[in-house]
Amino acid sequence: MTLKAQITEDMKTAMRAKDSTRLGTIRLLQAAIKQREVDERIELNDADVIAVIEKMLKQRRDSITAYESASRADLADIEKAEVVVLQTYLPKQLTDDEVAALLEQVVADTEAVDMKDMGKVMAAIKPLVAGKADMAKISGLIKSRLA
């Protein structure tokens, strides 16, 4: 079953269960997927759907930070609930040790030595960790490794 089909089935299940939080989040996700398909005139595959989910997660995390700094815990809680639902569609996340080992391998393969090589390392590691790790975290690890 494709990821899009799984999302549709989960929406039906949420409707039957009257789970409004999950249903609303899934509908937002489906709208984002459909928007990208219409804009680009393509049918999204699982990797593309994961990219849409990652973008939505980044937006939610940014919103949580903004809401918490504005003392709006009520809005931050809504965003946190959406993050939990969206994360269920991502593949199993890599552990810190797996990320570190992968980073060392990529640094060795690209022969990176300093910050000028960060772009090469990011380009090489991104397809390997897509959907499995937070790219902001990866970026920080690369900076500390190459500094």
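This write-up is about the structure you can find in this document.

### Observations concerning unusual backbone geometry
Thinking step 1. Of note, arginine 41 is a non-glycine position whose phi angle comes to about 55°, a positive value.
Thinking step 2. For arginine 41, a relative accessible area of 77% corresponds to the exposed category.

### Notes on the packing of helix H3 (residues 46-69) against helix H4 (residues 73-87)
Thinking step 1. Where H3 contacts H4, the two axes come as close as 9 Å, and the packing angle between them is 160°. Considered as vectors, H3 and H4 are oriented roughly antiparallel to each other. By crossing handedness, the relation of H3 to H4 is classed as left-handed. Facing H3, whose interface residues are Ile53, Met56, Leu57, Arg60, Arg61, Ser63, Ile64, Tyr67 and Glu68, H4 presents Leu75, Ala76, Glu79, Lys80, Glu82, Val83, Leu86 and Gln87.
Thinking step 2. Split into classes, the residues belonging to the contact of H3 with H4 amount to nine nonpolar, two polar and six charged.

### Observations regarding the side chain of aspartate 10
Thinking step 1. Relative to the helices and strands, aspartate 10 resides in helix H1 (residues 3-17).
Thinking step 2. Each residue touching aspartate 10, except ones within four places of it in the same chain, is listed here: Arg22, Ile26 and Tyr89.

### Focus: the side chain of aspartate 117
Thinking step 1. Tracing the backbone through its elements, the reader meets aspartate 117 in the loop between helix H5 (96-110) and helix H6 (118-129).
Thinking step 2. What aspartate 117 contacts, discounting residues up to four positions off in sequence, is Glu111, Ala112 and Leu146.

### A word on H1
Thinking step 1. Over its 15 residues, H1 runs 21 Å from end to end, which matches the ideal 21 Å to within 8%, given 1.5 Å per residue.
Thinking step 2. Every buried residue belonging to H1 is among Leu3, Ile7, Asp10, Met11 and Ala14, and all of these are buried. Relative to the axis of H1, the buried residues are bounded by an arc of 105° and lie together on one face.
Thinking step 3. On its buried face, H1 is in contact with helix H2 (20-40) and H3.
Thinking step 4. A positive phi of about 55° marks lysine 18, the residue just after H1.

Analysis parameters
- Residues numbered from 1 in each chain as written.
- Predicted model: local features only at pLDDT ≥ 70, side-chain atom pairs only at ≥ 80, totals over all residues.
- Heavy atoms only, no water.
- Buried < 20%, exposed > 50% of the residue type's maximum accessible area, 1.4 Å probe, protein only.
- Axes fitted to C-alpha atoms, helices over the stretch in contact; angles between N-to-C directions.
- Helix = DSSP H or I, 4+ residues; strand = E, 2+ residues; numbered from the N terminus.
- Parallel < 35°, antiparallel > 145°, perpendicular 65-115°, else oblique.
- Left-handed = near helix turned anticlockwise from the far one by under 90°.
- Contact = heavy atoms within 4.5 Å.
- Nonpolar A, V, L, I, M, F, W, Y, C, P; charged D, E, K, R; others polar.
- Expected span 1.5 Å × (residues − 1).
- Arc of directions from axis to C-beta.

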